[in-house]
Amino acid sequence: MDRRTARLRAFVFGAVMLGGTLGGPASAAPPPPKRGEPLRVYPPQVRLDGPDARQRLVIEGGAGATSRVADPRIATLDADGRVRGLRDGDTLLITTRGGEAVRTPLRVRGSAAPRRWSFVRHVLPVLTRYGCNSGACHGAAAGKGGLKLSLRGYDPTSDQAALTRQAGARRVNPVQPEKSLLLGKATMSIPHGGGRRFELGSEPYRWLVGWIRAGGPAPRAGEPLVEALEVFPPRARLGVGNNRQFVVRARYADGTTADVTDWVRFGSSDETVASVDERGRVRVAGSGETAITAGFATKVAFARVTSPFKTGSVSAAVLRPAPERRNLVDDQVLAKLSDLGLKPASIASDEGFIRRAYLAAAGILPTEAEVKALQDAARQEAPNGVGWAAREAVVDRLLARPEFVDYWTYRWSDLLLISSRKLPTRSMRAFYGWVRDQVGRNTPWDRMVREIITASGSTLQNGAANYYVLHKDPIDLTETTSQAFLGMSLTCARCHNHPLEKWTQTDYYGMVNLFSRVRMKNGEVNGETLVHAVDTGDISHPRTGLTVPPRPLDGSALEPAATADRRAHLADWLTSPNNPYFARALVNRVWRTLMGRGIVEPEDDLRLTNPPTNEGLMAALEADFVKSGYDVRRLIRTILTSATFQRSAEPAKGSLADSRFFSHYIPTRLPAEVLLDALSGVTAVPTEFVGYPIGTRALQLPDSLVASNFLTAFGRPLRAQTCSCERQEEPNVAQALHLANGDTVNEKLRAPNGAVARLLTEETAAEALVKRTYRLVLGRDPVAREQARMLAAAPPAGAPDRERREWLEDLFAALLTSKEFLFLH
Amino acid sequence: MRETVPTMHSSENDGVRSRRWFCAALTFGATGGANAWAAPPPSRRRAPSQVPAASSAAPAVPRGALGFSPAGERLAVGGYREVEIVDLNGGPGRALTAEGELVTSLAYSRDGARLAVASGLPGRSGELLVFDLSSGRPSRLSGVHSDRIQSVAFSADGNFVAACSYDRLASIWDPKSGRGRALKDHTDAVYGIAVSPDSRRIATVSGDRTLKIWDAAAGRRLYTLSDSTAELYSVAFSPDGSLVAAGGADKMLRLWKSGASDGALFDSTFAHEGPITQVVFSPDGRHVASASEDRTVKLWDARTLTEEKTFPRQNDVPLSLAMSGSGQLAVGRYDGTVGMYTIESGQYRSLLPRGQRAGSSRRQP
């Protein structure tokens, strides 16, 4: 290129960049220039490997910027804003804006090498990008129209055979590639149920023709596969209405890279914040944060897009009064809120705090005396502020109570599916007892999980061994273990590579073989099972028929011939501080239990393409949890004593739209068991459960099969499958009818020895009855308006006892069915 | 369709051409014996550019169609828009120009005077030609199929040709009049077709997992055999007409008893690790040969369905098989190679090595 042409290119390039982005259609409307946005060029180093290699660029703060290649003999800038290699060498891409310049190293290698057509590099990306091998088309289990491809290309060898050799070799024409049925269908020159996927002569068309002309080669043994994806820019801060182009670069095992933006499956974790089109162009639609996910080959990666709720950040430092900051939770949450332009809510009242802490951490209501004690202590500590120390003392006392143990035992019993559905009653009780013992002793989470995973012996002596009675099959054990302790679903990888994660089918069966040598036999006592490990037995990979060496996902493989109990190796990997999933999964479960919403939601869907809403918070809690020796009670304490937990459920002005970043407490309906116990407690009428002593609370039931229409209606989990989705949290008509007309509430109110009867004997004045009822049910005094309305409905003084009782029952019913009672707030 | 005239060593791209170069590729493989198929003298060789399969740069033509002449002295090999007829005794070969694209199936008439050739354009049209081998003239049978014809069979009495296509239809044709009628009942691509030795029944197999037996005279379906659990690709009648064999994607080789009005599963075996692409009976009825996408070719005892022999692993997927009365089993592969086994000895003869000039060295599959 001569100097004049080079200048022209630089001019054109600069013109394209006026929009601040590159590579999109030239006609796309440019986003408004961002004042003060620093000039950044992505990728930070450009490497062009192989013939015809090109790299699309993203330039932030690109308004008014121009770019040029320092040595135009080595590379050039195409009109569409891509750098293209001309010959091998090293040079710089120089981007300037005013007096500012960014120098991006640019390396070209293999530019003169002949192109080697590859099924993996040239055909699979086309089939995946254009949806040919998607679940809705030929990637369906039964294929489509006679052609079956592996879902998103997890089995390239079979796919190549299907395209070239199956059905009488009808799909590709090696003699005249352009006449191939494959191309005719994709371009709709032959009728195709899937419609036109790409145009004649387009790049995907040329790639397929090139591959067919080269003989349609099969995937080569040892061919470098994609090791990682990089999304550029890794994070972007954009306003509503802004667009930005994202580019994706694949890094292969041989160290080469390729711009794969055109072949990536893009997605957005929150379309209400930003959407992304098939070419990687993001458009911001609302405020918040979303992950722009990119999938290519078997890899996934993501970039974050932040769209502040207000223009510019709301610095926590300038807020008056300064937001409360108690521990690492608040550091991270406030930093995120500041980044998003959200104001934190004020701190909840003492009675609001204690009610929330009791219900969220122990599933019980505080008594009137406990509320008052806190109020008194707080007033003494900080007459005009928050009694932080008094609140911490409440938390410490709460964490020492047996109800706390009941509550978390119940929580982990849900997770471990403890139920007489599959377990003999004695075994079920043994398992429950084992869990309760661990919670009571605050056994570190890693040790507790290790004891489950490596459990052997009698299921009556060692309750943890019942894990293997519940999940007999290595497939079931693999999926359950992953879901329960890593918070991720591996089920997809049973049949094909995971489409939303990096796990392959081979990874899956490596994990399966860690469980393939567990055996069971009947014990000497009725209902007893003996669990033990043997030194033979492997599960074959269903596709290859080969035995996959036992290996925990991305851990190290065991020697298949080794005779040691493989589960110990799994437990080592699972509970290792280096395992990025184990601690995180538990932290998220505990956070969700206490805060009503996970840092990752759903709580057991931790995957790369579903990142936390606050990565800093997750990482800080995770690190603290590991550092503490997996101390669950300490983790709970950290969260409960944070200002974040203690914030009001009422958002600060301007932060109403936040439901994900914890600027305020998120109200959630009480879980079924907590609600039933609360009804029993407030009315002083215990609920009877068949087979259990009177006074047993719902949260003390070891078995999910205990009959209770109320618990069923309010979504008690069946404990049939390990999934947070088992607990139904959505409202339904049955719940409304239960509360309004059902026996549960009405019988408790009518009970002769219940709270209603007791209050009527203790108080005579209607004012006092209203006040006591409010304190009992809602843990607070009524405000004047409430008091007036309730008194307006009260019977006149001297009215018959029956009328007074009916009025008080109605008052109780009104409060017990109110949102304030039913919700944790 | 151009009329073709048999000429020797024509330099034009006529329908029928000399194929001495082809004969030169016939070498004894397993024994390493003398090359009985001597290369022609240099003066009679074609220029390299006129030898389609000889250039390493030339694309391989999948060999989806093979057919022995009734006496077994010639082997017809399907190519791309042509059929090579190899004289296995060393005489000159011939080439017939076909239509469509890849030749997918071949069938000699019992008297060896005619050759049915199937091909077509996938997704567009089916092509069916019947060559009069004495004149080399083809007659074209058209008007039924809208997709490539997958398989063709000649009736023993020579009165009709049966064909089937990816378009879900089978068809019966009068080769004299060129008239054909469709057999409609399959709900997926029809991959294989065979005619009973008494010319009364036609068997078809389909992607709909069924085998159907048809009354050839009436063009009416007689019965359906539905034992398969996946697509069926190939079907063959035993020489006495009492059995019908089929195989497909469920990797099972099945034998059914087939009568005039009904049939029943007789025997089955898990035959291959991959889908079965071809099933053929030996002319004496003693053997069944099967080929599979797992790149194996196996020989089975037709009475007991026990495995008699597994031939060496093939270099590529075997797409076509043919068995001669003299005990030869020819195999055509996706990579363009064609070879022939002597069933009893297992001796292998490479007929068409891929990417090698005619007369070059022997090669195992």
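Structure first, text after, so check above.
Below or above, wherever it landed, is the structure these notes cover. Everything numeric in this text was worked out from a predicted model, so none of it was measured. (Residues numbered from 1 in each chain as written. Chains lettered and ligands numbered in written order. Predicted model: local features only at pLDDT ≥ 70, side-chain atom pairs only at ≥ 80, totals over all residues. Heavy atoms only, no water.)

**Structural notes on the state of the cysteines**
Residue and element names in this part refer to chain A.
Working step 1: Enumeration over the complete set of coordinates arrives at one disulfide over all chains.
Working step 2: Sulfur-sulfur distance for the disulfide between Cys723 and Cys725 comes to 2.0 Å. An S-S torsion of about 130 degrees defines the bridge between Cys723 and Cys725 as right-handed.
Working step 3: Exposure remark for Cys723: the relative accessible area of 24% places this residue in the partly exposed category.
Working step 4: Look at Cys725 and you get partly exposed, because its relative accessible area is 46%.
Working step 5: Cys137 provides the cysteine sulfur closest to Cys132, a residue in no disulfide bond, and the two sulfurs are 7.4 Å apart. (Disulfide = S-S within 2.5 Å. Buried < 20%, exposed > 50% of the residue type's maximum accessible area, 1.4 Å probe, protein only.)

**Quick look at the packing of aromatic side chains**
Residues and elements named next belong to chain A.
Working step 1: Summed over the entire model, instances satisfying the criterion amount to 25 aromatic pairs over all chains.
Working step 2: Centre to centre, the rings of Tyr467 and Phe485 are 6.2 Å apart; their planes meet at 40 degrees, and the pair counts as tilted. Here Tyr467, found in helix H14 (residues 466–470), pairs with Phe485, found in helix H15 (residues 474–486); they are 18 residues apart in sequence, far enough to count as distant. Pair check on accessibility: Tyr467 and Phe485 agree, each one buried.
Working step 3: On the numbers, 5.8 Å between centres and 85 degrees between planes, the contact of Phe645 with Tyr665 is edge-to-face. Of this pair, Phe645 sits in the loop between helix H21 (632–640) and strand S23 (668–669) while Tyr665 sits in the loop between H21 and S23, and the two are 20 residues apart along the sequence.
Working step 4: A residue is classified by how much of its surface remains accessible, and Phe645, at 0% relative accessible area, is buried.
Working step 5: Through a chain of ring-to-ring contacts, three or more aromatic side chains come together here, namely Phe404, Tyr407, Trp408, Trp412, Trp445, Tyr467, Tyr468, Phe485 and Phe515.
Working step 6: Residue placement shows Arg121 over the ring face of Tyr252; its charged tip is 3.5 Å from the ring centre.
Working step 7: The ring of Tyr468 has Arg567 sitting right over it, with the charged end atom 4.8 Å from the ring centre. (Phe/Tyr/Trp six-rings, centres within 6.5 Å; stacked < 30°, edge-to-face > 60°. Helix = DSSP H or I, 4+ residues; strand = E, 2+ residues; numbered from the N terminus. Lys NZ or Arg CZ within 6 Å of the ring centre and 35° of its normal.)

**Topic: the interface of chain A and chain B**
Working step 1: Contacts between the two partners involve 19 residues from chain A and, on the opposite side, 22 residues from chain B.
Working step 2: Both sides together, the interface formed by chain A and chain B hides about 1800 Å², and carbon and sulfur atoms give 49% of it.
Working step 3: Together, Arg165, Arg170 and Val175 of chain A form the three largest contributors to the area buried by chain A at its contact with chain B, with a combined 37%.
Working step 4: Along the contact surface separating chain A from chain B lie two salt bridges.
Working step 5: There are nine residue pairs in polar contact (both at pLDDT 80 or more) connecting chain A and chain B.
Working step 6: Among the elements that line the side of chain A that touches chain B, the one with the most residues is helix H4 (residues 166–169) of chain A, at four residues.
Working step 7: Looking at side-chain class alone, the side of chain A that touches chain B contains seven nonpolar, eight polar and four charged residues. (Contact = heavy atoms within 4.5 Å. Buried area = accessible area lost by both parts, 1.4 Å probe. Salt bridge = Lys/Arg side-chain N within 4 Å of Asp/Glu carboxyl O. Polar contact = N/O pair within 3.5 Å; in protein donor to acceptor, adjacent residues only side chain to side chain. Nonpolar A, V, L, I, M, F, W, Y, C, P; charged D, E, K, R; others polar.)

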